[in-house]
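Each chain, letter by letter, is given below.
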Amino acid sequence: MTDQEKLKFARAITDRLPAPEEIRDDWGMFIFDTVLPNGVWSRKGLGQRDRSLITVAALTALHRPNELRLHVG
């Protein structure tokens, strides 16, 4: 994936979340590089379904409606 494609994907995530404009692209790239697709979501041990369930449960408990919308959708 090219850097331009990564940035486009990262912006699709950060556009849905409240983030200051000054850090939006850096934050999106951080999320992409550490969580998706070669980050924690690709580790062995739990399937994608279980990771999603845990994420939804944690976001619900922490009352993070913006982030929850991303995962439920």
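How each quantity is defined
- Residues numbered from 1 in each chain as written.
- Predicted model: local features only at pLDDT ≥ 70, side-chain atom pairs only at ≥ 80, totals over all residues.
- Heavy atoms only, no water.
- Salt bridge = Lys/Arg side-chain N within 4 Å of Asp/Glu carboxyl O.
- Helix = DSSP H or I, 4+ residues; strand = E, 2+ residues; numbered from the N terminus.
- Buried < 20%, exposed > 50% of the residue type's maximum accessible area, 1.4 Å probe, protein only.
- Arc of directions from axis to C-beta.
- Axes fitted to C-alpha atoms, helices over the stretch in contact; angles between N-to-C directions.
- Parallel < 35°, antiparallel > 145°, perpendicular 65-115°, else oblique.
- Left-handed = near helix turned anticlockwise from the far one by under 90°.
- Contact = heavy atoms within 4.5 Å.
- Nonpolar A, V, L, I, M, F, W, Y, C, P; charged D, E, K, R; others polar.
- Expected span 1.5 Å × (residues − 1).

Q: Hey, could you go over the pattern of salt bridges for me, with residue numbers and the actual values?
A: Within this structure, the stated rule accounts for 6 salt bridges. For Arg11, the salt bridge is made with Asp25, and the minimal N-O distance between the two is 2.7 Å. Separated by 14 residues along the polypeptide, Arg11 in helix H1 (residues 3-14) and Asp25 in helix H2 (residues 24-34) bring together distant segments of the chain. You can call Arg11 partly exposed: its relative accessible area is 31%.

Q: Quick one: what's the story with H2, residue by residue and with numbers?
A: All of the buried residues in H2 are Arg24, Gly28, Met29, Ile31 and Phe32. Across the axial projection of H2, the buried residues extend over an arc of 155 degrees, all falling on one side. Facing away from the buried side of H2 by more than 90 degrees, the exposed set consists of Asp26 and Phe30.

Q: Help me get a handle on unusual backbone geometry, residues and values and all.
A: Phi angles above zero are rare outside glycine, and His63 is one such case at about 50 degrees. By relative accessible area, His63 is classed as exposed at 63%.

Q: Go over the packing of helix H3 (residues 48-61) against helix H4 (residues 65-72), please, and point to the residues and values.
A: Following both chains from N to C, one finds H3 and H4 inclined at 160 degrees, their axes separated by 9 Å at the closest point. The angle between H3 and H4 places the two elements in the roughly antiparallel class. Helix-helix and strand crossings are classified by hand; for H3 and H4 the assignment is left-handed. Contacts from Thr55, Val56, Leu59 and Thr60 in H3 reach Glu67, Leu68, His71 and Val72 in H4. Taken together, the residues of the contact of H3 with H4 sort by class into 4 nonpolar, 3 polar and 1 charged.

Q: Talk me through the packing of H1 against H2; I want residue IDs and the actual numbers.
A: For the pair H1 and H2, the least separation of the axes is 8 Å and the interaxial angle reads 105 degrees. Classed by the angle they form, the pair H1 and H2 counts as roughly perpendicular. Seen from H1, the contacting residues are Lys6, Leu7, Phe9, Ala10, Arg11, Ile13 and Thr14; seen from H2, they are Arg24, Asp25, Trp27, Gly28, Met29, Ile31, Phe32 and Asp33. Of the residues contributing to the contact of H1 with H2, the split by class is 8 nonpolar, 2 polar and 5 charged.

Q: Provide a residue-level description of H1, including the pertinent values.
A: With 12 residues, H1 ought to run about 16 Å at 1.5 Å a step, and its terminal C-alpha atoms sit 16 Å apart, in line with that. Close packing links the buried residues of H1 with H2 and H4.

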